[in-house]
Amino acid sequence: MPHASAPLSLKLYARRDMRLFLTLSILVLCSCVAIPRGSYYYPTHPLGEAKSGTCDKNSNKITLEIPLEKGIRIGSSLRSNIDGTSTLSVHILLPEKTRIVLTSNNIIFQSKNAAPETYAIKEWKDKTLIGEKIIHIYRGTEFVYDKSFGTELLMSKLNSNDYNLTLPEMIIDGSKVKLDPIVFRLRTGEVQWLPKLNC
């Protein structure tokens, strides 16, 4: 004996409930959660833009990028480490065959109430930097990057709220370029919103 099928109205109602359930599930998974940022150093420069990754928990990986002529870019960050130390990063990214000359391979890191600290960057020791194309293949996919010249310096515990990073003058196409210092300012007490699904 054949079974009686459910009325059409019940089927439509069940489908509507399933759609509602799926929609709510997606919203829950993709929604954002508030996480305290903690303390971190935010980089600023008149020509630069600060960026943070989507899943940058504790907001300690904010990088400043300063675009210059001919596709030249300068990147810098001051990241807090778990053990209380910090890592100062500074790089110059050069497109293929782009050439710049530095007047020095030293950078100067200084707080308002302390003597300046000078650090020599080994990759800048020749003072003449020539850009290259870097190709990296990962799982069959080719990634192309501009060559980066710079370093990461492990700093002791930082006690000041503000730090200045001064870079050497650069000569680009015969013209001297002197940048204002990059300023790192301590921020605290903020909240960061992170997506649940991705992070």
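Scroll up for the structure.
Residues numbered from 1 in each chain as written. Predicted model: local features only at pLDDT ≥ 70, side-chain atom pairs only at ≥ 80, totals over all residues. Heavy atoms only, no water.

What follows covers the pairing of strand β6 (residues 99-102). Only one face of β6 is buried, namely the one carrying Ile100 and Leu102, since none of Arg99 and Val101 on the opposite face is buried. Where β6 lies against strand β9 (residues 128-130), three bridges are found, and the strand directions are antiparallel. Bridged to Arg99 within β9 is Ile130. The pairing of β6 with strand β13 (residues 170-172) spans two bridges and is classified as antiparallel. Of the residues in β13, the one forming a bridge with Val101 is Ile171. (Buried < 20%, exposed > 50% of the residue type's maximum accessible area, 1.4 Å probe, protein only. Helix = DSSP H or I, 4+ residues; strand = E, 2+ residues; numbered from the N terminus. Pairing = 2+ DSSP bridges.)

Right, let's get into a nonpolar patch on the surface. A surface patch of nonpolar side chains, amounting to about 380 Å² of accessible area, comprises Ile134, Tyr138, Phe143 and Tyr145. Broken down by secondary-structure element, the contributors of at least two residues to the nonpolar patch are β10 (133-138) and β11 (141-155). As for its placement among the helices and strands, Phe143 is situated in strand β11. (Patch = residues over 30% accessible without salt bridge, like charges linked within 9 Å, V, L, I, M, F, W, Y side chains within 5 Å. Areas by Shrake-Rupley, 256 points an atom, 1.4 Å probe, with all protein chains shown as cover. Salt bridge = Lys/Arg side-chain N within 4 Å of Asp/Glu carboxyl O.)

Moving on: the pattern of salt bridges. This structure, assessed with the given rule, holds eight salt bridges. Of the charged contacts in the structure, one is a salt bridge between Arg73 and Asp146, with a shortest N-O distance of 2.8 Å. Here Arg73 is found in strand β4 (residues 73-80), whereas its partner Asp146 is found in strand β11, with 73 residues between them in sequence. With a shortest N-O distance of 3.6 Å, Glu132 and Lys147 are connected by a salt bridge. Here the residue Glu132 occupies a position in the loop between β9 and β10, and Lys147 occupies one in strand β11, the gap between them amounting to 15 residues. Take Glu132: its relative accessible area is 39%, and that puts it in the partly exposed class. Lys147 gets classed as partly exposed once you look at its relative accessible area, which sits at 24%. Salt bridges here are not isolated pairs; linked through shared partners, they connect Glu65, Arg73 and Asp146.

Keep in mind these numbers describe shape, not what the thing actually does.
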